[in-house]
Amino acid sequence: MSELTQSSAPRRFIGGQLLGSSQLVLGVILAVLCIAISIAAPQFYSEANIIAILRQCALVLIVASGMTMLIITAEVDLSVGASLAFVGCIGMAVLNSTHSLTLGLLAALAFSGAVGLFNGLVVTRLKVNSLIATIGTMMMLQGGVYLFTREAVQNHHRLAGFTDLGAGYIGPIPLPVVVAALIFALAAATLRFTTLGRYLYAVGANERAVRLSGVRSQRLKLFAFVVTGLCVGIAGMILSSLMNAGQPTAGRGFELTVIAAVILGGTSLLGGRGSLLGTLLGVLVLKVIDNGIIILGWKQDLQMVVPGIVIILATYLDIVRNRANVG
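Residues numbered from 1 in each chain as written. Predicted model: local features only at pLDDT ≥ 70, side-chain atom pairs only at ≥ 80, totals over all residues. Heavy atoms only, no water.

One can describe the packing of helix 2 (residues 47–72) onto helix 7 (residues 175–193) by two numbers: an axis separation of 8 Å at closest approach and a directional angle of 20 degrees. On the basis of their axis angle, the class for helix 2 and helix 7 is roughly parallel. When you trace helix 2 past helix 7, the crossing you get is left-handed. For the pair formed by helix 2 and helix 7, the contact residues are L54, R55, A58, L61, I62, S65, M69 and I72 on the first element and P176, V177, V179, A180, I183, F184, A187, T190 and L191 on the second. By residue class, the composition of the contact of helix 2 with helix 7 is 14 nonpolar, two polar and one charged. (Axes fitted to C-alpha atoms, helices over the stretch in contact; angles between N-to-C directions. Helix = DSSP H or I, 4+ residues; strand = E, 2+ residues; numbered from the N terminus. Parallel < 35°, antiparallel > 145°, perpendicular 65-115°, else oblique. Left-handed = near helix turned anticlockwise from the far one by under 90°. Contact = heavy atoms within 4.5 Å. Nonpolar A, V, L, I, M, F, W, Y, C, P; charged D, E, K, R; others polar.)

Listed below in structure tokens is the structure:
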């Protein structure tokens, strides 16, 4: 256990300083974006627009909370977008056939959790690189959803509870935002205050030291994959509620937005460093940019361009941070 403590503590201390500074920069960027967009388009601060931004942020934040835990362990899941679409189709099909919201949700979570478990087993047992493994899973899901349904699965059950998943409110707050806040808080508390969270950081920082300390690092990675999958299941059902249908193409590009937000928030692709607060700021920055593109009347294809630029820039900054750690 002493090797684990000695190997991870210095890196986490230095990384914490760098994370704090990067979060401050993100906060300033977010404030500048909000001010600039509101000057160009005063409707930016309208109630309807703010609610729309919060709903979009909620979907990304739910999955990004799990993805942050996963990337902290030095793994990644590129299949979340394809899984999101498949989950919506399966959940809607079960709802149509059973008229039970509970069964629909359980089916969605079972499927998405199984996808996460599959990815985790391929990575931990077969020793396939997570980037390659989840690209393979993404391709299987993209093809599999069309074997499951050739078109959108429409809403034939008209359950009020299902509609509330995406459009409902708890007081003045949209229900998806409440769900995202709860998942975010649970994930943040796990990473910050529990032994499990400390081990997740340690696995990413120095997996060999974790194994020598007697902890099964593969189980920790498997846990992170399954958690990410379950988060996809929740987000997928909320998205299908908002769209009032299960769409086979619904998750296209979603994985890029999630990963871009996590990396932009300061989580290292090499593992061992990251925070949920940074991820939250990353999500807000990306979604405010998306919203600005729409209300300013720019071409919406830019919404796909921005995450790509962010991934490149954030990865470069991650390299700079790692050099600082070494120094």
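Taking 1.5 Å per residue, 19 residues should reach 27 Å; helix 7 reaches 27 Å between its end C-alpha atoms and fits that length. Residues of helix 7 that are buried: L175, P176, V177, A180, I183, F184, A187, T190 and L191. (Expected span 1.5 Å × (residues − 1). Buried < 20%, exposed > 50% of the residue type's maximum accessible area, 1.4 Å probe, protein only.)

Predicted confidence across the protein chain gives a mean pLDDT of 91, with 93% of residues reaching 70 or more. Ranking the elements of the protein chain by mean pLDDT puts helix 1 (residues 2–40) last with 70 and helix 4 (residues 101–124) first with 98. A low-confidence stretch, residues 5–15 (pLDDT under 50), is modelled with 17 contacts involving residues beyond four sequence positions or located in other chains. (pLDDT = per-residue confidence, 0-100.)

Turning our eyes to something else, we now look at the pattern of salt bridges. If you walk through the whole model with that rule in mind, you get four salt bridges. For K221, the salt bridge goes to E207, with nearest N and O atoms at 3.1 Å. Taken together, the positions of K221 in helix 10 (residues 217–243) and E207 in helix 9 (residues 207–212) put the pair 14 residues apart, joining distant regions of the chain. You'll find K221 and E207 in the same group, each marked buried. The salt bridge partner of K287 is D290, with a shortest N-O separation of 3.2 Å. Pair noted here: K287 and D290 are both in helix 12 (residues 276–295), with a separation of three residues, about one helical turn. The class for D290 is buried, based on a relative accessible area of 11%. (Salt bridge = Lys/Arg side-chain N within 4 Å of Asp/Glu carboxyl O.)

Inspection of the secondary structure puts M243 in helix 10. On the basis of relative accessibility, which here comes to 36%, the residue M243 falls in the partly exposed class. Sequence-wise, M243 and N155 are 88 residues apart; in three dimensions their C-alpha atoms are separated by 9.5 Å.

The full count for this structure, using the stated rule, is three aromatic pairs. Considering the side-chain rings of F44 and Y45, the 5.0 Å spacing of their centres and the 70 degrees angle between planes classify their relative orientation as edge-to-face. Since its relative accessible area comes to 3%, F44 is described here as buried. Seen from their ring centres, F86 and F111 are 4.7 Å apart, and the 45 degrees between their planes marks the pair as tilted. Remark: F111 occurs in helix 4 and F86 occurs in helix 3 (residues 80–98); sequence separation between them is 25 residues. (Phe/Tyr/Trp six-rings, centres within 6.5 Å; stacked < 30°, edge-to-face > 60°.)

A word on unusual backbone geometry. Backbone geometry at A74 places phi at a positive 75 degrees, although glycine is not the residue there. The phi dihedral of N244 is positive, around 55 degrees, even though this residue is not glycine. The residue N244 is located in the loop between helix 10 and strand 4 (245–246) in this model. Under the relative-accessibility criterion, N244 is labelled partly exposed at 30%.

Since the α-helix turns once every 3.6 residues, residues separated by three or four places project in the same direction. The terminal C-alpha atoms of helix 3 lie 26 Å apart, and with 19 residues this matches the ideal 27 Å at 1.5 Å per residue to within 8%. Of all 19 residues that make up helix 3, 16 are buried, and the element is covered over most of its length.

All right, on to the environment of V232 then. If you trace the backbone, V232 turns up in helix 10. Classification of V232 by relative accessible area gives buried; the value is 2%. For the pair V232 and P176, spaced 56 residues apart in sequence, the C-alpha separation works out to 13 Å.

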